[in-house]
Amino acid sequence: MRAVKFAGAAVAALTIVIALLLVIGVPSGFLTSAITSRVESATGYRLTIAGTTKVSLWPTLNVTLSDLTLQDPKDRTGISRLTIDSVQADMSLASVWSGHPRISDLLVTHPVLYQPLLRERMPTSASAPKPAVPLDVGGFSIKHVTITDGEVAFSVARDRVESRLSAINADATVNADSKVNFKGTARAGDHDIKFDIKAVAPAAPVERQTIPLDFAIDAPSLLQSRLSGHAEARLNNSVVMINSINGTLGEGAFNGWASVDIASKPLVKLDLDFQRLDIPLSKSADGAAGQPWSDAPISVSGLNYVDAQMRVSATEANIGEARFAPLALDAKLAGGVLKAGTANLGAYGGQVSGEVILDATSGAPSFAMHSDLVGVRALPLLKGLADFDRLDGKLQAKIAVRSAGTSQRALMANMQGTVFANFQDGAIRGINVAQMIRSLTTSTLSGWQDSQEQSTDLTQLSASFRIDNGQAVTTDLNLVGPLVRVTGAGTIALDTKMMGFRVEPKLVMTTEGQGRTSDPVGFGIPVMIEGPWSQPKIYPDMAGVLDNPEAAYAKLREMGKGLFGPDGASLGNILGSLGLGGTAPNGNNAGSANPQGQPSQNNPLGGSLGEAIGNLIQQGLSGGAPGTSTGRSRSLPGSPTQPAPQASPAPPAQDNPSAEQQNSQPMNDVLRQLFNR
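Residues numbered from 1 in each chain as written. Predicted model: local features only at pLDDT ≥ 70, side-chain atom pairs only at ≥ 80, totals over all residues. Heavy atoms only, no water.

## What about the overall build of the protein?
The helix and strand tally for the protein stands at 13 helices and 32 strands. Residue pairs in contact within the protein that sit at least 24 positions apart in sequence constitute 52% of those at least 6 positions apart. Carbon and sulfur atoms make up 58% of the accessible area of the protein, which amounts to about 37,300 Å² in all. (Helix = DSSP H or I, 4+ residues; strand = E, 2+ residues; numbered from the N terminus. Contact = heavy atoms within 4.5 Å. Areas by Shrake-Rupley, 256 points an atom, 1.4 Å probe, with all protein chains shown as cover.)

As structure tokens, this is what we get:
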């Protein structure tokens, strides 16, 4: 009887223990050695389980492992290749008893895969892979895998370089017909990526078997539209070959092939041909032209850890808002030096050729560029690439520059090279150069006085620059237009976005353009353009007048002859015919044709300068003595109440006026009144 009671108590106690184990789990540290030995024999990597190992039997068999580390026993650096916070597997007891465990759900929390980077490729003999050992999974199968907060860390301790693909959250589902659906999200730097990959898993061994796959990638900050397509992948020793690539990027189809050799330092080979290729460029913020260059560090050190040979072609390419057709770009990356060039780039009715070399081997990356542009329409090209819409015309340019630096400011400050640009048969949009010149008679201008309703037609605008330490110097600035000409020289400071130019503007009294026979009319005083290139100050160089007044007066007399003929006594008729004031040949007052003060359409100068010169000359010819001027005041005298008598026309046969006529007292009086001298 006592034995029966003891047996009953033992059964009851065992039942209670089993019930508790079914609910709270079975501590199974004794299984750790068996698990690690099985993993090492199957994969060749050493598994360390530093945390707890627990088995739960209810409602299904659940195994939880925490704090796992996977290492390559042949790696002398001791760097962990994979760390995992926890792994949780759910499976049925029946599959375990059968000897073929079937995992219904595998949850992997915060796995971090460490991939060391190499600057040099290993010799072929040293990097040749060993014969593959078939992976013995012992009948295991997995139906669903969930990865939470995963990372892939690319690093090299010697160079203190590390880059991460972070925030990986993904699901992988394997169907009964071996179809794998792998989708999720990740983050590369500041760029969010969403991916969806479908493939058919081959039977073991995987090597040399073709794996068809479909892919779709969304990266809004990198790609303007979805990248989707189909390809066939194959593993050949250490080379992953991706053949028969075809798909679409937005509205454009593409095809090609790629391969990646992962034996040591990755070697990527790529050949893609697009019908249409869209590459977005970030637009500059409003007012960016007046903002200083950024001092934020620019890092291109990642170019040291991959080699590549690439060819990209496109029937049509859209880079930012710029359009190119066709495009053929060849690039080679080896030893941290990237060379990319094109010899057949069609752009807006012209051709572009050139090469860019980027050297990332040193701490301060350097680049060199040379390019030729022939017959390219400037407005859409500059607007699309640089958001600059002020210049239009056929552009020919030669660019040869180089620089080094770790930020935008450093690159601009270290710029060296030469640039030549020539714009023909176009316009300066938003700026009326002739009106700006006339406005200088009243005040200093602050900024370009731009207006979207105005423009300056140009026959040619050319300049050549020599750049040294970020200072671009030109001595041959030349603007030729139907109504204006400007020559000059100056410097543009690329690092500080400042400029200083001294130009000689001339107004042309005809619309014949550069083919006219007579000389243009000079403003008479050089004009300075100084300050930030977005809002410079524009003012007459009065110091030049004060330093050499006789030469200035001689120049102004030439201006007077160009405007009003060689004889000051015949200015009335000239003024009347030009509509600048005085009496027109028909006896009417030319100044009354526009009572609102707007410049007449027949007035080649127009604006305040023409009216000022007309009024002053009218007063000087109507008997105003030299002493009637009110000193150095810039205020202009009022018009007389009676119209000035019409002057007699100059003798038509007088081809060479005498010095006395050219230096007439009325003209001198006019010039003194106009320029307060």
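## With respect to the pairing of strand S6 (residues 102-116)
Here strand S5 (residues 82-91) runs beside S6; their pairing, made up of nine bridges, is antiparallel. Its bridge partner being in S6, Asp-90 is matched across the sheet by Asp-105. Pairing of S6 with strand S8 (residues 144-156), which is carried by nine bridges, proceeds in the parallel orientation. Within the sheet, the bridge partner assigned to Leu-107 lies in S8 and is Thr-146. (Pairing = 2+ DSSP bridges.)

## Considerations on the packing of aromatic side chains
Scanning the entire structure with this criterion turns up two aromatic pairs. Relative to Phe-274, the ring of Phe-254 has its centre 5.2 Å away and its plane inclined at 35°; by these criteria the two rings are tilted. Of the two residues, Phe-254 is situated in strand S15 (residues 252-261) and Phe-274 in strand S16 (residues 267-279); the sequence distance between them amounts to 20 residues. Phe-274 matches Phe-254 in its accessibility class, with the two residues each being buried. (Phe/Tyr/Trp six-rings, centres within 6.5 Å; stacked < 30°, edge-to-face > 60°. Buried < 20%, exposed > 50% of the residue type's maximum accessible area, 1.4 Å probe, protein only.)

## What about helix H5 (residues 378-386)?
Considered for burial, the residues of H5 that qualify are Ala-378, Leu-379, Pro-380, Leu-381 and Gly-384. Considering only its buried residues, H5 is in contact with strand S17 (307-319), strand S18 (322-324), strand S22 (366-377), strand S23 (391-404) and strand S24 (416-429).

## Quick word on the side chain of Ser-264
The topology assignment puts Ser-264 in the loop between S15 and S16. Classification of Ser-264 as buried rests on a relative accessible area of 12%. If near-sequence neighbours (up to four positions away) are discounted, Ser-264 is found in contact with Leu-118, Arg-121 and Met-122.

## A closer look at the pattern of salt bridges
Opposite charge on two side chains permits pairing when their charged atoms draw close. All told, the structure shown has 15 salt bridges when counted by the stated rule. Between Arg-311 and Asp-330 there is a salt bridge, with the nearest N and O atoms lying 2.8 Å from each other. Here Arg-311 is found in strand S17, whereas its partner Asp-330 is found in strand S19 (residues 327-334), with 19 residues between them in sequence. When its relative accessible area of 32% is taken as the criterion, Arg-311 is described as partly exposed. A relative accessible area of 38% means that Asp-330 is categorised as partly exposed. Its salt-bridge partner being Lys-398, residue Asp-372 comes within 3.6 Å of it at the nearest N-O pair. (Salt bridge = Lys/Arg side-chain N within 4 Å of Asp/Glu carboxyl O.)

## A word on the side chain of Asn-62
In this structure, Asn-62 sits in strand S4 (residues 61-71). Judged by its relative accessible area of 11%, Asn-62 falls in the buried class. Reaching out from Asn-62, the side chain makes a polar contact with the side chain of Thr-64 at a distance of 3.0 Å. Residue contacts for Asn-62: discarding those within four places in its chain leaves Lys-54, Val-55, Ser-56, Gln-88, Ala-89 and Asp-90. (Polar contact = N/O pair within 3.5 Å; in protein donor to acceptor, adjacent residues only side chain to side chain.)

## Let's talk about the environment of Ser-439
Residue position: Ser-439 is located in helix H7 (residues 433-439). Since its relative accessible area comes to 25%, Ser-439 is described here as partly exposed. Separated by 100 residues in the primary sequence, Ser-439 and Tyr-539 have C-alpha atoms spaced 9.6 Å apart.

## As for unusual backbone geometry
In this model, Ala-325 is joined to Pro-326 through a cis peptide bond whose omega is -5°. Topologically, Pro-326 is positioned in the loop between S18 and S19. A positive phi angle is found at Ser-244, which is not glycine, with a value near 55°. Relative to the assigned elements, Ser-244 resides in strand S14 (residues 239-249).

## Some remarks on the confidence of the model for the protein
Regions with low pLDDT should not have their predicted coordinates read in detail. Averaged over every residue, the pLDDT of the protein is 74; residues scoring 70 or more account for 67%. Of the regions scoring below 50 in pLDDT, residues 125-137 engages in nine contacts with residues more than four places distant in sequence or in other chains. Here residues 559-664 is a poorly scored stretch, pLDDT under 50, and it has 129 contacts once near neighbours within four places are set aside; other chains count. (pLDDT = per-residue confidence, 0-100.)

## Side note on the nonpolar core
Core analysis: the largest hydrophobic core is formed by 56 residues, its most contacted members being Phe-274, Phe-423, Val-433 and Phe-501. In terms of residue count, strand S26 (residues 455-468) provides more of this core than any other element does, five residues in total. Not counting residues within four places of it along the chain, the set of residues in contact with Phe-501 comprises Phe-465, Thr-474, Leu-477, Ala-489, Gly-490, Thr-491, Ile-492, Val-527, Met-528 and Ile-529. Within the second largest apolar cluster, 15 residues are counted, among which are Leu-47, Leu-61, Val-63 and Met-91. (Core = buried A, V, L, I, M, F, W, Y, C linked by side-chain atoms within 4.5 Å.)

## A short note on the pairing of strand S11 (residues 191-200)
Note: strand S10 (residues 179-188) against S11, 10 bridges, orientation antiparallel. Directly across from Lys-179, in S11, lies its bridge partner Val-200. Connecting S10 to the next strand, S11, in antiparallel fashion are two residues, including Gly-189 with a positive phi near 65°. Strand direction decides the pairing type here: S11 and strand S12 (residues 211-218), joined by six bridges, are antiparallel.

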